[in-house]
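Each chain, written out:
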Amino acid sequence: MTESYLSRIGGLIRDARRHKDLTQAELADLLSTSQSAVARIEQGKQNLSLEMIARIGEKLDSEIVQVSSGIPQNLRIEGGVKLSGGIDVRTSKNAAVALLCASLLNKGRTTLRNLARIEEVNRITEVLTSIGYKIRWLPDSSDLEIVPPEKIDLDSMDEAAARRTRTIIMFLGPLMHEFDTFELPYAGGCDLGTRTVEPHMIALRHFGLDVTATTGSYHATVDDAVSPTRPIVLTERGDTVTENVLLAAARHTGTTVIRNASSNYMVQDLCVFLQQLGVSIEGLGTTTLTVTGVEEIDSDIEYAPSEDPIEAMSLLAAAVVTGSEITVRRVPIEFMEIELAVLGTMGFECHLSEEYASANGHTRLVDLTTKPGPLKAPLDKIHPLPFPGLNIDNLPFFAIIAACAEGSTLIHDWVYENRAIYLTELTTLGAKVHLMDPHRVMIEGPTKWRAGEIMCPPALRPGVVILLAMLAAPGTSVLRNVYVINRGYEDLATRLNALGAQIQTFRDI
């Protein structure tokens, strides 16, 4: 930026701050920076990224400059730097989206505490707002307030937002209680190959919901005379399938038995939330759930989702790949125990604190401190299983950990048709990754990492894996178009920088 341009921007920021009746110190607190930095900005003596200008504009409720949302955000990483310090695990993305969908069941006010401010949440709130919900972030917090309309207006749904998230399919369970017929756009999300929605349809037919897929939309009809007469056996132990059936059962006044149910972290959060709304659920944390619903839910509720085990694994992997000692606080240990056991067979060492409770009163947390040291490849392949097995979303992080270990490691991603393919991008950074088929890669370590430039893959976890590998690679790396990472992580670059990483965001303009 030129000096004259910086001066003009600084003047606009100063005027907006004064309009908000804030001191420089108060604005500095909002931005987590120093008063002297704010003074330099207002004097035009501080270089500014577009992201920093956008942050300032958000805090001052003023559009300082207008940046097209269509311009991709990129990351520039100076790698080869050790990390240190402590970092808190944020609340779960997958629990957040389930709870947002569950708010459709409630005629009262729903307040979700300490929610992740991520793109996936933004897409769902855009959809909810478009159909009549009043949604706002409470001042100076990450608490989201959701107030339902008198009548849901599905005809006004923001289709563009709906098509950018797979979560829209979880509107089926709640909306069947509101409409005899309705239509939803096809879902989007990560590009991970064909993910069948048939398990959802099979399970929801027990409640009289029939869905026909036509070009671009699901057309749903509901027969109120149909009710589950026997246990619903899910054809796959999927998280969203289980959640959709729970949402359907929550306002079904009979008793529904769900077998082969997922007992994963986001399902448990949804169960605890529904219990607080008056729904009876037995078998929490098991694969058989017995749900006795209520005809109407009209309750003002406040709920804090639990911490995200996938983010915890991401931060642990960042420590391993950079050979760093960091403390990851608020780790949901129940959903990380298998991962830590597998890492233990590879020689990984860490220290765990005493357990304490999450804000939801249910999830067990610990603080985990990593201990750098040599790793060796495991004797067996690494593969996911439904909880309590190794989480499918944590599997990609074992690719960069395996790249740091002595020997050959087989990673078997049997769930997604092509996610393993994205891991071959690590070869640009020096890793030896051999694609054996669309589901399996063989990784040989240890790796001598090198800097590189990569287009971020259209899948969340592989994108973060590449970012973390770039942290380990000496020199300057560039990861382009990181929208998919922003879908699932809040301020990841900023938070890694707080540990000593050197990551800058930029746009090509």
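Everything below is about the structure shown above.
Residues numbered from 1 in each chain as written. Predicted model: local features only at pLDDT ≥ 70, side-chain atom pairs only at ≥ 80, totals over all residues. Heavy atoms only, no water.

Colleague: Honestly, the sheet that holds strand β9 (residues 232-233) in this entry has me stumped. Any pointers?
Modeller: Working definition: the strands of a sheet are paired by backbone hydrogen bonds and lie parallel or antiparallel to each other. Within the open sheet, the 4 strands sit side by side as β9-β10-β12-β11. Their pairing is mixed. Each edge of the open sheet is held by one strand with a lone partner, namely β9 and β11 (280-282). The pairing of β11 with strand β12 (residues 288-292) spans 3 bridges and is classified as antiparallel. Within β12, the position partnered with E282 by the bridge is T290. Its contacts with the sheet place helix α10 (residues 239-250) against β9, β10 (255-259), β11 and β12, and it is angled at close to 25° to β12. (Pairing = 2+ DSSP bridges. Helix = DSSP H or I, 4+ residues; strand = E, 2+ residues; numbered from the N terminus. Contact = heavy atoms within 4.5 Å. Axes fitted to C-alpha atoms, helices over the stretch in contact; angles between N-to-C directions.)

Colleague: Looking at this structure, I do not really get the pattern of salt bridges. What am I missing?
Modeller: When their charged atoms lie close together, side chains carrying opposite charge are able to pair. Summed over the entire model, instances satisfying the criterion amount to 25 salt bridges. A salt bridge links E42 to R17; the shortest N-O distance between them is 2.5 Å. Of the two residues, E42 is situated in helix α3 (residues 35-42) and R17 in helix α1 (residues 3-19); the sequence distance between them amounts to 25 residues. Residue E42 shares its accessibility class with R17, and that shared class is buried. Connected through shared salt-bridge partners, K107, E178, R251 and E296 make up one network. (Salt bridge = Lys/Arg side-chain N within 4 Å of Asp/Glu carboxyl O. Buried < 20%, exposed > 50% of the residue type's maximum accessible area, 1.4 Å probe, protein only.)

Colleague: What exactly am I supposed to notice about helix α5 (residues 93-102) here?
Modeller: Every α-helical turn comprises 3.6 residues, leaving residues that sit three or four positions apart pointing alike. With 10 of 10 residues buried, α5 lies mostly within the body of the structure. Buried within α5 are the following residues: K93, N94, A95, A96, V97, A98, L99, L100, C101 and A102. You can read the cap of α5 off the contacts: a side-chain oxygen lies 3.2 Å from the backbone nitrogen of N94, and it is on S92. (Polar contact = N/O pair within 3.5 Å; in protein donor to acceptor, adjacent residues only side chain to side chain.)

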